[in-house]
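# Structural features, examined
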Amino acid sequence: MTITEQKPSYRYVGTRPVRHDGLDKVVGKARFAADLVLPGMLHGHILRSPHAHARILSIDTARAAAMPGVRAIISGADFPDLPADDPERNMTRNLMARDKVMYEGHAVAAVAATTRRQAKEAAEAIEVTYEVLPHVLEIADAMEPGAPLLHEDMITTGVDPEPSEPSNVSNRTCYERGDVDAALAAADIVVEGEFTTKPIHQGYIEPHACVADTGQDGKTVIWCSSQGHFRVRSQTAAMLGWDTSRIKVIPAEIGGGFGGKTTIYLEPLATELSARAGRPVKLVMSRDEVFRATGPTPGSRIRLKLGATNEGRITAAVARLDYEGGAFPGVWAMLGCMCVVSPYNVENFVLEGFEVVVNKPVNAAYRAPSAPMAAFATDTLVDEIAQQVGMDPIDLRLLNCPAEGDTAPYGPKWPVIGLRECLEAIRDSEHYRSKPAAGHGRGLASGFWFNIGEASSATVNLNENGTATVVTGSPDIGGSRASMALMAAEELGIDVHAIQPVVGDTEVVGFTDVTEGSRATFATGMAVVEACRDLKGQLRGRAAKMWECDVDDVEWADGHATHSGGEHEPMALAAITAEAGRTGGPLGATASLNARGAGPAFSVQVVDVSVDDETGRVTVERYTTAQDAGTAIHPDYVEGQMQGGVVQGIGWALNEEYIHDTDGTMENPGFLDYRIPVASDLPMIETIIVEVPNPNHPYGVRGVGEVGIVPPLPALANAIHDATGARIRDLPMSPPRVLAAITAGDGDGG
Amino acid sequence: MAQVHFSSNQRRLTGGAAEVEVEAETVRELLGKLEEMFPGIRAHLDRTSATAVAIDGDIIPDPIYEPVPPGAEVHFITPLAGG
């Protein structure tokens, strides 16, 4: 279902053609990094720390080096030690420990050998002597005075006066507006609570994998799964101390990323092993390694207080947001502060965030990073306000809804946004207008994410038969090939399947930033449109040459050159490309740009659940999500992103969590014990695409990949409360926790 | 004149000022003038990763050469990424 505010009529944009890469993926022909086999290729294995925190006293590789098939062994000392102020230093120290291991699973050494078994056995034969250090796993413990320090030189920034002693808090962020004390004192209603979430993993189905082939000329070619091969190149170069021109990265198909493949883990190790062995080296993570050593999203502890009037106007917010970044600091709490009250106009607030390090895997981005935890707190308390004042939760959100020109909590004024339209879409939906079935509970929540632009490049070449090739530098993680082809088809006026969209490697297409922040269709699409518009100018010129007229007398419409004076019959694109050799040569255009004006994203969702009062199991009975896509270029993939975000949010809310024992060892590093939702757990996720066009994009696009994961946490908490009377403020709302809450009668009386 | 707004963290370096007016044609010139007004603020922005700017609501991740239109509203924020 699509609700459109104002959109021109398009011929191709907004249609649902079969994706160009669909058949290969359905029949298993698509090539992923782990599929690649090269002549003479070796296999790598990484030795990982058994300790959560320990000093490395020595690494003895002599016995391992003498084992059959072993061709190369590396450890942290084999890489340059970047200076303390280098922005990539933490990344390099995460990929291979130096001096200390910071979490269980931290890479310590790597082996390349003829077979995988030989590599594994040799890695296990490496003798590492550790001095085990005290570790800390939880935010509260890490912030205690006297807690074990992960980084002896880490001084908290953003605190006045600057502390003289190190701690596990890397940064304090604060956003303030108005007079929050006075607003709380004047409020008719004050609600508050503390909310906690655990680290959870992005859960992509394809583990990290790469092959590196370093030649005698000192150059390397890397095939890998990533969300951005140009970043793979730059980060690999940084870790090796190489110039980027020595590295070519060829993007393989990607089996899911969700933010977790915006950084690297394997590529410099495979490259260094390959350089030492003189052979290609493949590294493929096991699922266990993916959990132990790649980025989960942060755990969090959020204390929030909201003040409101009896009429439902939210007048004050005080938030304290602590996010754990894993073993190295991040910007997670800062993002949380920027998101926590963004779906609401609040005149008075203090939003304070602290970045905390703990002895767990280093966090990576996960769809709308930091926003879901913040929304869990906010939209749970907003639900309480709605109950206390006796308002419909949508009416209350409409009353407090920001609009264009209002000031966002993080400073700038909102551009054109579609939150109100999403709220209205849910309000008017059949789902919301119907009553929940007997015994079911209903919950509602909203969510926000910024979306970004960044750098993108595209090259569009026209072939002699009138077809086109569109080359971009954005890996296709969610149907972006089809979106690029649709925008090119719309511009050029040729069939979408006459266009072949290609993801080019780092040497065939211009620099393109990583696919993150829901940017690919927005930013790379903008580059495709710009290149196509350049081409249309060229096509008009060629037609003018063939017609022997002034180019100003030629226009481009619906795939044809037309003469403004009507002296010539319209000439199809294929007729012009067929004569390209005689009229000036091949037709092609390239565009590279920094995309500006990404449109913020909002989503509003409603869910019905049933709760088994004997087991605490929550069943999602019905789910509807409305999201502003600006313009849906390919509605199937917009809906897919919306549904995917919701499903991952359901897993986060109900089941998923990293479980560590007291030694800091992860106890559930596999999909049997770390349960993500599967199809049989879920109803069809109903989608309503709201289209409030982004005026900064030629087709009105705003990113759709992330915001869908934000509302499910509070929506489900609110639905469980509606069904049982229990308010649950700690995730996951797994059966034991739900049962305990029901049994304890953890209600708010609302 | 651009209106430059400071978050509460940044106000530690501005003597508490929440906003100032600065005449500058580019972000680089604006940063130079802010450093003259509030010594140390440039290093603070770098250290706290507040190196992106929002100019009239448009968030620009690497803005040093970016023009600052007259009357623009400028905020310093962290470069945003995502998943």
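It should be emphasised that the depicted structure is a prediction, and the values quoted were computed from it without experimental measurement.

In this section: the overall build of chain A. Across its full length, chain A carries 21 helices and 29 strands. Projected onto its principal axes, the C-alpha coordinates of chain A cover approximately 85 × 75 × 50 Å. If you take every contact in chain A between residues at least 6 apart in sequence, the share linking residues at least 24 apart comes to 80%.

Attention now goes to the overall build of chain B. When you go through chain B residue by residue, the secondary structure sums to two helices and five strands. Its C-alpha atoms give chain B a radius of gyration of 12 Å, within 12% of the compact-globule value 12 Å for 83 residues. With the principal axes as the frame, chain B shows a C-alpha extent of 35 × 25 × 20 Å. Counting the 83 residues in chain B, one finds 41% classified as buried. Put simply, of all contacts in chain B between residues at least 6 apart along the chain, 49% involve residues at least 24 apart.

Another point: the interface of chain A and chain B. Across the boundary between the two partners, chain A contributes 32 residues, which contact 21 residues of chain B. The dominant element in the side of chain A that touches chain B, judged by the number of residues it contributes, is strand β8 (residues 169-177) of chain A, at five residues. For the side of chain A that touches chain B, the residue count by class is 14 nonpolar, ten polar and eight charged.

It is worth spelling out unusual backbone geometry at this point. Residue and element names in this part refer to chain A. In this model, D160 is joined to P161 through a cis peptide bond whose omega is 0°. The omega torsion of the bond from L731 to P732 falls at 0°, within 30 degrees of zero and hence cis. Mapped onto the secondary structure, P732 falls in the loop between α20 (712-724) and α21 (735-744). With phi around 70°, N451 is a residue other than glycine that occupies positive phi space. Its location among the elements puts N451 in the loop between β19 (441-449) and β20 (454-462). Using a count of 28 C-beta atoms within 10 Å as the deciding quantity, one classes N451 as buried. In this structure, E454 takes a positive phi of about 70° despite not being glycine. In this fold, E454 is placed in strand β20. Assessed through the 27 C-beta atoms surrounding it within 10 Å, E454 is described here as buried.

With that out of the way, let us pick up the sheet that holds strand β25 (residues 571-572) of chain A. Residues and elements named next belong to chain A. Strand order in the open sheet formed by three strands is β23-β24-β25, with antiparallel pairing between adjacent strands. For this open sheet the edge positions go to β23 (554-557) and β25, each flanked by a neighbour on one side alone. Along the sheet, helix α16 (residues 520-547) makes contact with β23, β24 (560-563) and β25, crossing β23 at roughly 130°.

Right, let's get into the environment of W556(A). Residue and element names in this part refer to chain A. Mapped onto the fold, W556 is located in strand β23. Given 19 C-beta atoms within a 10 Å radius, W556 is considered partly exposed. Sequence separation between W556 and A482 is 74 residues, and the spatial gap between their C-alpha atoms is 23 Å. Beyond its immediate stretch of four places on either side in the chain, W556 contacts K536, L539, R540 and A561.

Residues and elements named next belong to chain A. When you tally the buried positions in strand β4 (residues 70-75), you get five out of six residues, the bulk of the element. Where β4 lies against strand β6 (residues 107-113), five bridges are found, and the strand directions are antiparallel. Pairing of A72 across the sheet is with A112, part of β6.

With that settled, the discussion passes to the nonpolar core. Residues and elements named next belong to chain A. Membership of the largest hydrophobic core comes to 255 residues, with the highest contact counts inside it found for C210, A488, V528, L716 and I720. Here this core takes twelve residues from α16, the largest share from any one element. The residues touching I720, leaving out its near neighbours within four places in the chain, are G441, V609, V611, V618, A726, I728, M733 and V738.

Residue and element names in this part refer to chain A. Packing of helix α19 (residues 635-654) against α20 leaves a shortest axis separation of 8 Å and a crossing angle of 55°. Relative to α20, the element α19 is oriented oblique. In the packing of α19 onto α20, the handedness of the crossing is right-handed. Residue-level contacts link V646, G649, I650, W652, A653 and L654 of α19 to P712, L713 and L716 of α20. Residue composition of the contact of α19 with α20, grouped by class: eight nonpolar, one polar and no charged.

Residue and element names in this part refer to chain A. Looking at chain direction, β23 and β24 are connected through four bridges and run antiparallel. Bridging from a neighbouring strand, A557 pairs with H560 of β24. Counting the residues that bridge the hairpin from β23 to β24 gives two residues, and of these D558 lies at a positive phi of roughly 55°. As paired elements, β24 and β25 share two bridges and run antiparallel to each other. Bridge assignment links A561 to a residue of β25, and that residue is M571.

For the rest of this paragraph, the subject is the sheet that holds β4(A). Residues and elements named next belong to chain A. Spatially, seven strands are ordered β4-β6-β2-β14-β11-β12-β13 in an open sheet, and the strand pairing comes out mixed. In this open sheet, the two edge strands, each paired with only one partner strand, are β4 and β13 (247-251). Within the sheet, the average angular offset between the axes of one strand and its neighbour, ignoring direction, is 20°. Where strand β12 (residues 220-224) and β13 come together, five bridges link them in parallel fashion. By the bridge assignment for β13, W223 is matched with I250. Seen against the sheet, helix α4 (residues 116-125) touches β2 (42-48), β4 and β6 and runs at an angle of roughly 30° to β2. Contacts from helix α8 (residues 267-277) reach β2, β4, β6, β11 (209-214), β12 and β14 (281-284) within the one sheet, and its direction differs from that of β11 by about 35°.

Time to look at the environment of L47(A). Within the secondary structure, L47(A) sits in strand β2. Setting aside anything within four residues of it in sequence, one finds L47(A) in contact with V108(A), A109(A), A110(A), A123(A) and I126(A).

As a further point, take the packing of helix α10 (residues 332-339) of chain A against helix α11 (residues 371-389) of chain A. Residues and elements named next belong to chain A. Contact geometry of α10 with α11 gives a least axis separation of 8 Å together with a crossing angle of 45°. The orientation of α10 with respect to α11, classified from their angle, is oblique. Considering how the two elements wind past one another, α10 and α11 form a crossing that is right-handed. Within the contact between the two elements, α10 uses L335, G336 and C339 and α11 uses A371, M373 and A374. Taken together, the residues of the contact of α10 with α11 sort by class into five nonpolar, one polar and no charged.

Helix length check: α19(A), at 20 residues, gives a terminal C-alpha distance of 28 Å against a target of 28 Å (1.5 Å per residue), a fit within 8%. Along α19(A), 15 of the 20 residues are buried, which leaves the element largely enclosed by surrounding structure.

The next point concerns the confidence of the model for chain B. All names here are of chain B. The pLDDT averaged across chain B works out to 89; a share of 99% of its residues lies at or above 70. Ranking the elements of chain B by mean pLDDT puts helix α2 (residues 41-47) last, at 83, and strand β2 (residues 19-22) first, at 95. With a pTM of 0.96, the predicted complex shows an ipTM of 0.91.

Criteria and cut-off values
- Residues numbered from 1 in each chain as written.
- Chains lettered and ligands numbered in written order.
- Predicted model: local features only at pLDDT ≥ 70, side-chain atom pairs only at ≥ 80, totals over all residues.
- Helix = DSSP H or I, 4+ residues; strand = E, 2+ residues; numbered from the N terminus.
- Contact = placed C-beta atoms within 7 Å.
- Rg over C-alpha atoms; globule rule 2.2 N^0.38 Å.
- Buried ≥ 20, exposed ≤ 12 C-beta atoms within 10 Å, placed from the backbone.
- Nonpolar A, V, L, I, M, F, W, Y, C, P; charged D, E, K, R; others polar.
- Pairing = 2+ DSSP bridges.
- Axes fitted to C-alpha atoms, helices over the stretch in contact; angles between N-to-C directions.
- Core = buried A, V, L, I, M, F, W, Y, C linked by C-beta atoms within 7 Å.
- Parallel < 35°, antiparallel > 145°, perpendicular 65-115°, else oblique.
- Left-handed = near helix turned anticlockwise from the far one by under 90°.
- Expected span 1.5 Å × (residues − 1).
- pLDDT = per-residue confidence, 0-100.

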